[in-house]
Amino acid sequence: MTLDALNTDVEYVSSDRPFGDYEEEAIVALMIDHPEFFSAVTKFLKPELFGRLEARYVLVHILQYFEKFSTFPTRGMLLDSIKHSLTVDDVGYEDIIEIAKKRSNPRDIPAVK
(Lines give C-alpha, C1' and ligand atoms only; values in the text may rest on other atoms or scores of the structure.)
Protein backbone atom coordinates (compact mmCIF):
# COMPACT_ATOMS: atom_id res chain seq x y z
CA MET A 1 0.00 0.00 0.00
CA THR A 2 1.36 3.41 -0.92
CA LEU A 3 0.66 6.82 0.51
CA ASP A 4 -0.94 7.76 -2.80
CA ALA A 5 -3.38 4.85 -2.40
CA LEU A 6 -4.31 6.05 1.08
CA ASN A 7 -4.77 9.57 -0.21
CA THR A 8 -7.17 8.48 -2.95
CA ASP A 9 -8.99 5.94 -0.77
CA VAL A 10 -10.37 8.47 1.66
CA GLU A 11 -11.21 12.11 1.24
CA TYR A 12 -11.18 13.54 4.74
CA VAL A 13 -11.58 17.18 5.62
CA SER A 14 -8.97 18.24 8.16
CA SER A 15 -11.50 20.22 10.20
CA ASP A 16 -13.49 17.00 10.71
CA ARG A 17 -10.54 15.08 12.12
CA PRO A 18 -11.21 13.80 15.63
CA PHE A 19 -7.48 13.72 16.47
CA GLY A 20 -4.62 16.16 16.14
CA ASP A 21 -1.23 15.15 14.75
CA TYR A 22 0.25 14.49 18.18
CA GLU A 23 -2.80 12.46 19.25
CA GLU A 24 -2.54 10.31 16.12
CA GLU A 25 1.10 9.58 16.86
CA ALA A 26 0.28 8.90 20.53
CA ILE A 27 -2.43 6.41 19.56
CA VAL A 28 -0.04 4.56 17.25
CA ALA A 29 2.70 4.48 19.91
CA LEU A 30 0.29 3.26 22.57
CA MET A 31 -1.05 0.54 20.27
CA ILE A 32 2.48 -0.81 19.97
CA ASP A 33 3.59 -0.32 23.58
CA HIS A 34 0.28 -1.10 25.33
CA PRO A 35 -1.82 -3.28 23.02
CA GLU A 36 -4.02 -4.40 25.91
CA PHE A 37 -5.76 -1.01 25.74
CA PHE A 38 -6.70 -1.42 22.09
CA SER A 39 -7.57 -5.06 21.43
CA ALA A 40 -11.24 -4.46 22.25
CA VAL A 41 -11.57 -1.34 20.11
CA THR A 42 -9.68 -2.26 16.92
CA LYS A 43 -12.94 -2.66 15.00
CA PHE A 44 -13.71 1.01 15.73
CA LEU A 45 -10.30 2.35 14.71
CA LYS A 46 -10.57 3.30 11.07
CA PRO A 47 -7.74 4.77 8.98
CA GLU A 48 -10.02 7.55 7.79
CA LEU A 49 -10.13 8.89 11.37
CA PHE A 50 -6.47 9.83 10.94
CA GLY A 51 -5.85 12.94 8.90
CA ARG A 52 -2.09 12.71 8.57
CA LEU A 53 -1.28 10.25 5.78
CA GLU A 54 1.90 9.00 7.43
CA ALA A 55 0.08 8.14 10.68
CA ARG A 56 -2.73 6.58 8.67
CA TYR A 57 -0.20 4.43 6.81
CA VAL A 58 1.29 3.11 10.07
CA LEU A 59 -2.20 2.47 11.49
CA VAL A 60 -3.15 0.46 8.40
CA HIS A 61 -0.05 -1.73 8.87
CA ILE A 62 -0.92 -2.29 12.54
CA LEU A 63 -4.56 -3.16 11.76
CA GLN A 64 -3.60 -5.49 8.90
CA TYR A 65 -1.13 -7.27 11.16
CA PHE A 66 -3.79 -7.57 13.87
CA GLU A 67 -6.31 -8.94 11.37
CA LYS A 68 -3.85 -11.53 10.11
CA PHE A 69 -2.31 -12.68 13.42
CA SER A 70 -4.91 -11.62 16.05
CA THR A 71 -2.23 -9.73 17.94
CA PHE A 72 -0.53 -6.37 17.62
CA PRO A 73 2.92 -6.23 16.05
CA THR A 74 5.98 -5.45 18.06
CA ARG A 75 7.76 -2.28 17.01
CA GLY A 76 10.41 -4.38 15.25
CA MET A 77 7.84 -6.39 13.29
CA LEU A 78 5.98 -3.22 12.35
CA LEU A 79 9.15 -1.53 11.12
CA ASP A 80 10.10 -4.60 9.08
CA SER A 81 6.64 -4.68 7.50
CA ILE A 82 6.79 -1.00 6.62
CA LYS A 83 10.35 -1.16 5.28
CA HIS A 84 9.35 -4.15 3.16
CA SER A 85 6.51 -2.20 1.52
CA LEU A 86 8.27 1.17 1.08
CA THR A 87 11.60 2.37 -0.21
CA VAL A 88 13.63 5.27 1.13
CA ASP A 89 12.70 7.15 -2.05
CA ASP A 90 8.95 7.03 -1.29
CA VAL A 91 7.42 10.33 -0.23
CA GLY A 92 6.85 10.34 3.53
CA TYR A 93 9.21 7.42 4.21
CA GLU A 94 11.19 9.17 6.94
CA ASP A 95 8.05 10.48 8.68
CA ILE A 96 6.45 7.03 8.58
CA ILE A 97 9.52 5.39 10.09
CA GLU A 98 9.71 8.12 12.75
CA ILE A 99 6.06 7.55 13.73
CA ALA A 100 6.57 3.78 13.91
CA LYS A 101 9.69 4.21 16.06
CA LYS A 102 8.11 6.70 18.47
CA ARG A 103 7.76 5.36 22.01
CA SER A 104 4.64 6.12 24.00
CA ASN A 105 4.63 8.70 26.74
CA PRO A 106 3.10 7.28 29.95
CA ARG A 107 1.34 10.59 30.55
CA ASP A 108 -0.60 10.14 27.31
CA ILE A 109 -2.24 6.91 28.47
CA PRO A 110 -5.15 8.46 30.43
CA ALA A 111 -5.99 10.87 27.61
CA VAL A 112 -5.91 8.30 24.83
CA LYS A 113 -7.32 5.38 26.80
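Values in this document were obtained by computation on a predicted structure and should not be read as measured data.

Observations concerning the overall build of the chain
Logical step 1: Within the chain one finds six helices and zero strands.
Logical step 2: In the chain, buried positions account for 41% of the 113 residues.
Logical step 3: In the chain, the proportion of contacts linking residues at least 24 apart, taken out of those at least 6 apart, comes to 69%.

Re the nonpolar core
Logical step 1: V28, M31, F38, V58, I62, L78 and I82 are the most contacted members of the largest nonpolar core, which has 26 residues in total.
Logical step 2: Of all the elements in the fold, those that place two or more residues in this core are α2 (21-33), α3 (53-69), α4 (75-85) and α5 (93-101).
Logical step 3: Beyond its immediate stretch of four places on either side in the chain, I82 contacts Y57, V58, H61, I96, I97 and A100.

Quick word on α5
Three- or four-residue spacings in an α-helix give side chains the same orientation, since the helix completes a turn every 3.6 residues.
Logical step 1: Of the residues making up α5, those classed as buried are Y93, I96, I97, I99 and A100. In an axial view of α5, the angular spread of the buried residues amounts to 160°, which keeps them on one side of the axis. Of the exposed residues in α5, the ones pointing more than 90 degrees away from its buried face are E94 and E98.

A closer look at the packing of aromatic side chains
Logical step 1: The full count for this structure, using the stated rule, is three aromatic pairs.
Logical step 2: Plain terms: the ring middles of Y65 and F69 are 4.7 Å apart, the flat faces sit at 50° to each other, and that makes the pair tilted. Within this pair, Y65 and its partner F69 are both found in helix α3, separated by four residues, close to a single helical turn.
Logical step 3: Overall, the relative accessible area of 45% leaves F69 in the partly exposed class.
Logical step 4: The interplanar angle of 35° and the centroid separation of 4.7 Å between the aromatic rings of F66 and F72 together place this pair among those described as tilted.

Here's the deal with the side chain of H61
Logical step 1: Note that H61 resides in helix α3.
Logical step 2: Residue contacts for H61: discarding those within four places in its chain leaves L78, S81, I82 and S85.

Topic: the environment of L63
Logical step 1: In this structure, L63 sits in helix α3.
Logical step 2: In contact with L63, other than residues within four places in its own chain, are M31, T42, L45 and P47.

Considerations on the pattern of salt bridges
Charged atoms that come close allow side chains of opposite charge to pair.
Logical step 1: One pass over the full model with this rule turns up six salt bridges.
Logical step 2: The partner of K102 in a salt bridge is E25, and the shortest N-O contact between them spans 3.3 Å. Placement of K102 in the loop between α5 and α6 (109-112) and of E25 in helix α2 is noted, with a sequence separation of 77 residues between them.
Logical step 3: Classification of K102 by relative accessible area gives partly exposed; the value is 21%.
Logical step 4: The residue R75 makes a salt bridge to D33 at a minimum N-O spacing of 2.9 Å. Here R75, found in helix α4, pairs with D33, found in helix α2; they are 42 residues apart in sequence, far enough to count as distant.
Logical step 5: Residue D33 is classed as partly exposed on the basis of its relative accessible area of 26%.
Logical step 6: Among the ionic contacts, a cluster of salt bridges with common partners joins E25, R52, E54 and K102.

Calculation notes
Residues numbered from 1 in each chain as written. Predicted model: local features only at pLDDT ≥ 70, side-chain atom pairs only at ≥ 80, totals over all residues. Heavy atoms only, no water. Helix = DSSP H or I, 4+ residues; strand = E, 2+ residues; numbered from the N terminus. Buried < 20%, exposed > 50% of the residue type's maximum accessible area, 1.4 Å probe, protein only. Contact = heavy atoms within 4.5 Å. Core = buried A, V, L, I, M, F, W, Y, C linked by side-chain atoms within 4.5 Å. Arc of directions from axis to C-beta. Phe/Tyr/Trp six-rings, centres within 6.5 Å; stacked < 30°, edge-to-face > 60°. Salt bridge = Lys/Arg side-chain N within 4 Å of Asp/Glu carboxyl O.

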